[in-house]
Amino acid sequence: MIPYNKPYLSGSETAYIEQAVRAGHLSGDGEFSRRCHRYFEQHYGLHRALLTHSGTAALEMAALLLELQPGDEVIMPSFTFVTTATAFVLRGARVVFVDSSPLNPNLDAAAVEGLITPRTRAIVPIHYGGVACDMDPLLALARQHQLAVVEDAAPAFDGYYRGRRLGTLGALAAFSFHETKNIQAGEGGLLAINDPGYVRRAEIIREKGTDRSAFFRGEVARYQWVDVGSSYLPSELTAAFLWAQLENAEAIQARRCALWRRYTEALQPLAALGVGLPFIPDYATVNGHLFYLVCRSAQERTALLARLRERGILAVFHYQPLHSSPFYAPHHDGRALPWAAHYADCLLRLPLFVELSEEQQQYIIDAVLAFYR
Ligand SMILES: *Cc1c(COP(=O)(O)O)cnc(C)c1O
C-alpha cells in the first residue's frame, strides 16, 4: 500500500534529542527552542516567533491575545480544519463562515466585506495547501474596519504571497508541525508575531499567565502571576526534533515541490475533461504541501478513491464544511456555502511525501489516468 503520507525524518532527530537529554534541560525554551525561534525570526523576519505544542495552541493564543468578548464575530472559511474555529469559539466568539473561491479552496476574498458587522473583530484566512489567499484586499478591509488579521498558516511553511512569506502578513499567524505537515515534530506549532504590540502579553499567556520569560531575561526580580494564560510551550525534546527538520528544510521543500510539479504536468490532460487541478493565482507560490484533484461529482470521487485503493494507493478526501457540522450548524446563519460543500464532496488528495519514489508516483499517475480513460 502506498500511504497518503509518511512523516519525513532527516536522520538527526534522535541524536539531537539525545543531546537535549544530556544537556539536562528538558522543559521548554532551551537551546534547541532558541535555534528554532531564531530560524523563523531570521528567515521570516518575524518580530517574534514562539514555539507552541501545536498549531491549534498557536491559534488559541491568538484568540486570547485578541481579547475577544462573547458575541464578537470572527470571519473565516467554512472549508478549514476544525481548530481554526474552536480556538475562537473557546473564547465565546461567534464564527461567521465565508465561502471558498470557485478557483481554489481558499476563502473568497470578495465575499468578506458583506459579512462585516459592528461586532466583527478579526478575519482568519487559511492558506489552503500552503497556497496564499489574496491578502491585499483582506488587509485593506482589516485596516478600514480596524480588524485583526490572524493567518492560519498551519500548512503554509515556505509559501509566499507577492514575494512576502506567508505568516508575516497578519498581525499574528499560526504554523503547525503536525506529522502531516512539510516540517514536522509529531505534534508542534509556532505563533508568529508581526505586530510588536502583542509580544509581551504573548510571552505571558504562553507561560501560565506569569512574567517568567521576562524573569529569565533578567528584566524582573521574580516572576509572578500577572494575567490569564496557560501552558503552551513544547519541551526541548520536541524542539530538538524540529531543529533536525528545519536544518533540512531546503531539501524537503525541493523534493516536495518536484513531486507536486510532476503531478501537475502528468495530470494536465484531466483539465480538458473538467476535472479540477490546483489553481495557483499569480500572487501565490507552491510549497508542495499537498496535491489535489477536484472530481466532477461526489460519486466520481468515491469511485476514484475505491479504484486507487484496489491498486494499493491511499488517496484521501479533506475537510467537511464547518458551517454544516453537527456542533456549529445550529449557530450558522443559514447561508448556503456551495463552494465549501463542493470541495468537501469532490476534492481528493494524492499521496505526497518526501520518500515517494518516481516509480511510485508514476504508478499513481497511471492509475488516475486509467480511471479517466
Ligand atoms: C494542521 C492544521 C491545523 C492544526 O494544527 P495542529 O498542529 O494539528 O494543531 C489548523 N489549521 C489548519 C489549516 C491546518 O492545516
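Remember, it's a predicted structure, so these values are computed and weren't measured experimentally. (Residues numbered from 1 in each chain as written. Predicted model: local features only at pLDDT ≥ 70, side-chain atom pairs only at ≥ 80, totals over all residues. Heavy atoms only, no water.)

## Digging into the domain arrangement of the protein
How large an interface is tends to be reported as the accessible area lost when its parts come together.
Then step 1. You can read the domains of the protein as domain 1 (13-247) and domain 2 (249-372).
Then step 2. Just the C-alpha atoms count here: the centres of domain 1 and domain 2 sit 26 Å apart.
Then step 3. Between domain 1 and domain 2, the residue contacts involve 44 residues of the former and 34 residues of the latter.
Then step 4. Across the interface of domain 1 and domain 2, roughly 3300 Å² is buried in total on both sides, 59% from carbon and sulfur atoms.
Then step 5. Among the residues of domain 1 in contact with domain 2, F79, F97 and N182 are the three that bury the most area, contributing 20% of the side total.
Then step 6. Taken together, the links from domain 1 to domain 2 amount to zero salt bridges.
Then step 7. Of all the secondary-structure elements, those providing two or more residues to the side of domain 1 that touches domain 2 are α4 (82-89), β3 (94-98), β6 (160-161) and α8 (236-246).
Then step 8. When residues in the side of domain 1 that touches domain 2 are grouped by element, the largest group, five residues, is from β3.
Then step 9. Per-class residue counts for the side of domain 1 that touches domain 2 are 26 nonpolar, eleven polar and seven charged. (Domains from an automatic or database assignment. Contact = heavy atoms within 4.5 Å. Buried area = accessible area lost by both parts, 1.4 Å probe. Salt bridge = Lys/Arg side-chain N within 4 Å of Asp/Glu carboxyl O. Helix = DSSP H or I, 4+ residues; strand = E, 2+ residues; numbered from the N terminus. Nonpolar A, V, L, I, M, F, W, Y, C, P; charged D, E, K, R; others polar.)

## A closer look at a nonpolar patch on the surface
Then step 1. A cluster of nonpolar residues, V21, L26 and L237, forms a patch on the protein surface that exposes about 220 Å² of accessible area.
Then step 2. Position of L26 among the secondary structure elements: in the loop between α1 (13-23) and α2 (31-44). (Patch = residues over 30% accessible without salt bridge, like charges linked within 9 Å, V, L, I, M, F, W, Y side chains within 5 Å. Areas by Shrake-Rupley, 256 points an atom, 1.4 Å probe, with all protein chains shown as cover.)

## Observations regarding helix α9 (residues 249-267)
Then step 1. Its 19 residues place the ends of α9 27 Å apart at the C-alpha level, agreeing with the 27 Å of an ideal helix rising 1.5 Å per residue.
Then step 2. In this structure, the buried residues of α9 make contact with α2, α8, β10 (291-294), β11 (347-350) and α12 (358-372). (Expected span 1.5 Å × (residues − 1).)

## Brief notes about the packing of aromatic side chains
Then step 1. Following the criterion strictly, the structure yields 24 aromatic pairs and no others.
Then step 2. Here the aromatic rings of F81 and Y319 are separated by 6.4 Å at their centres, their planes lie at 55°, and the arrangement is tilted. Taken as a pair, F81 in the loop between β2 (73-77) and α4 and Y319 in the loop between α10 (298-310) and α11 (338-346) lie far apart in primary sequence, 238 residues in all.
Then step 3. Residue classification places F81 among the partly exposed residues on the basis of a relative accessible area of 44%.
Then step 4. Linked through ring pairs, F79, F81, Y128, Y292, Y319, W339 and Y343 together constitute an aromatic cluster.
Then step 5. The ring of Y44 carries R165 above its face, with NZ or CZ at 4.4 Å from the centroid. (Phe/Tyr/Trp six-rings, centres within 6.5 Å; stacked < 30°, edge-to-face > 60°. Buried < 20%, exposed > 50% of the residue type's maximum accessible area, 1.4 Å probe, protein only. Lys NZ or Arg CZ within 6 Å of the ring centre and 35° of its normal.)

## Some details on the pattern of salt bridges
Then step 1. In total, this model carries 21 salt bridges according to the counting rule given.
Then step 2. Two residues, E41 and R48, come together in a salt bridge whose shortest N-O distance is 3.2 Å.
Then step 3. What makes E41 partly exposed here is its relative accessible area of 23%.
Then step 4. For E300, the salt bridge identified is with R296, shortest N-O distance 2.8 Å.
Then step 5. Put simply, E41, R48, E203, R217 and E219 are held in one network by salt bridges that share partners.

## Notes on the site of the ligand
Then step 1. In the region of the ligand, 15 residues are neighbours, and G55, T56, D152, S176 and K181 sit closest.
Then step 2. The side chain of K181 places a nitrogen or oxygen atom 3.2 Å from an oxygen atom of the ligand.
Then step 3. Here an oxygen atom of the ligand and a side-chain polar atom of Y319 are 3.5 Å apart.
Then step 4. Coverage of the ligand by the protein chains reaches 93% of its 380 Å² of free accessible surface.
Then step 5. Secondary-structure elements contributing two or more residues to the shell around the ligand are α3 (55-65) and α4.
Then step 6. When its residues are assigned to classes, the shell around the ligand shows five nonpolar, eight polar and two charged. (Near = heavy atom within 4 Å. Polar contact = N/O pair within 3.5 Å; in protein donor to acceptor, adjacent residues only side chain to side chain.)

## A short note on the packing of α9 against α12
Then step 1. Where α9 meets α12, the axes come as close as 11 Å, and the angle between the chain directions of the two elements is 30°. With respect to their mutual orientation, α9 and α12 come out roughly parallel. You can see that α9 and α12 cross each other, and the crossing is right-handed. Judged by residue contacts, R255, L259, R262, Y263, A266 and L267 of α9 engage E358, Q361, Q362, I364, I365, V368 and L369 from α12.
Then step 2. When the residues that make up the contact of α9 with α12 are grouped by side-chain class, the tally is eight nonpolar, two polar and three charged. (Axes fitted to C-alpha atoms, helices over the stretch in contact; angles between N-to-C directions. Parallel < 35°, antiparallel > 145°, perpendicular 65-115°, else oblique. Left-handed = near helix turned anticlockwise from the far one by under 90°.)

## Some remarks on the UniProt feature "modified residue: N6-(pyridoxal phosphate)lysine" (unreviewed entry) in the protein
Then step 1. Under the feature "modified residue: N6-(pyridoxal phosphate)lysine" (unreviewed entry), the UniProt entry names K181.
Then step 2. Within the secondary structure, K181 sits in the loop between β8 (172-176) and β9 (189-193).
Then step 3. Since its relative accessible area comes to 18%, K181 is described here as buried.
Then step 4. Beyond its immediate chain neighbours, meaning those up to four positions away, K181 contacts A154, P155, S176, R256 and H289. (UniProt positions renumbered as here; feature names shortened; annotations may be inferred.)

## Some remarks on the nonpolar core
Then step 1. Counting 77 residues, the largest nonpolar core has F88, L267, L293 and L350 as its most contacted members.
Then step 2. Inspection of this core shows a minimum of three residues originating in each of domain 1 (13-247) and domain 2 (249-372).
Then step 3. Contact partners of L350, with chain neighbours within four places excluded, come to Y4, Y263, L267, F291, L293, L308, A315, I364 and V368.
Then step 4. Counting residues in each nonpolar core, the second largest holds 55 residues, with A132, V149, A173 and A185 among its members. (Core = buried A, V, L, I, M, F, W, Y, C linked by side-chain atoms within 4.5 Å.)

## Some words on helix α6 (residues 199-206)
Then step 1. With seven of eight residues buried, α6 is to be regarded as a mostly interior element.
Then step 2. Of the residues making up α6, those classed as buried are V199, R201, A202, E203, I204, I205 and R206.
Then step 3. The inward-facing, buried residues of α6 abut α2, β1 (48-52), α3, β9 and α7 (212-216).

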